[in-house]
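Next come the chains, spelled out residue by residue.
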Amino acid sequence: MQSTGMEANKIMNPPVLASSKMADTLIPSEIIKLANEINLKMQSGEQIFNLTIGDFDPRIFPLPELLTQLIMKAYEDHQTNYPTANGMLDLRQNLALHISDRFAFKLSC
């Protein structure tokens, strides 16, 4: 079956659909914007410890076996909700100490 010119035009030029008012007024995620900026800097050769969005590179930050076990236990105990936006202070402090000890790099919490 051969398509007509009108059918081919519909395929090559689909109708433009309007987005919803809510979609038009969404504010882009600042953390996603920051993560993209960091990735660009890393691609240009800057050494950055990328701590955005939980994407820790296991080659840089390998998980200790005890932590792996505790993560599994937390999962089994249904502790799967995200913490508050700024995270858990105790965890931030301990991670900053670990990075400082391992890489001689000072972080603030």
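First things first, this report covers the structure right here in the doc. (Residues numbered from 1 in each chain as written. Predicted model: local features only at pLDDT ≥ 70, side-chain atom pairs only at ≥ 80, totals over all residues. Heavy atoms only, no water.)

1. Points about the overall build of the chain
The condition that has to hold: For the purposes of this entry, the term helix denotes a DSSP run of H or I that reaches at least four residues, the term strand denotes a run of E that reaches at least two, and both are numbered from the N terminus. Contact criterion: two residues are considered in contact whenever any of their non-hydrogen atoms come within 4.5 Å of each other. Computed with the Shrake-Rupley method and a 1.4 Å probe, the accessible areas treat only the protein chains shown as cover for residues.
Along its length, the chain carries five helices and zero strands. For the chain, long-range pairs separated by at least 24 residues make up 26% of all intrachain contacts whose partners lie at least 6 apart in sequence. When the accessible surface of the chain is summed, it comes to about 10,100 Å², and 61% of that surface belongs to carbon and sulfur atoms.

2. Some details on the layout of surface pockets
Short version of the rule: Note on definitions: the grid is 1 Å and covers protein atoms alone; a cavity is a set of points where a 1.4 Å probe fits but cannot get out; a pocket is an open set with protein on both sides within 12 Å along at least five of seven lines; lining residues have an atom within 4 Å of a point. Grid points are joined across faces, edges and corners, and a volume is the space filled by probe spheres set on the points. Charged residues are taken to be Asp, Glu, Lys and Arg, nonpolar residues to be Ala, Val, Leu, Ile, Met, Phe, Trp, Tyr, Cys and Pro, and polar residues to be all remaining types, Gly included.
The space that makes up the largest pocket amounts to roughly 2,000 Å³. For the largest pocket, the lining is made up of 37 residues, of which Phe-56, Pro-83, Met-88, Leu-91 and Leu-95 are closest to its centre. For the lining of the largest pocket, the secondary-structure elements that each account for two or more residues are α3 (30-43), α4 (65-76) and α5 (89-103). The biggest single contributor to the lining of the largest pocket is α5, with seven residues. Split by residue class, the lining of the largest pocket holds 24 nonpolar, 11 polar and two charged.

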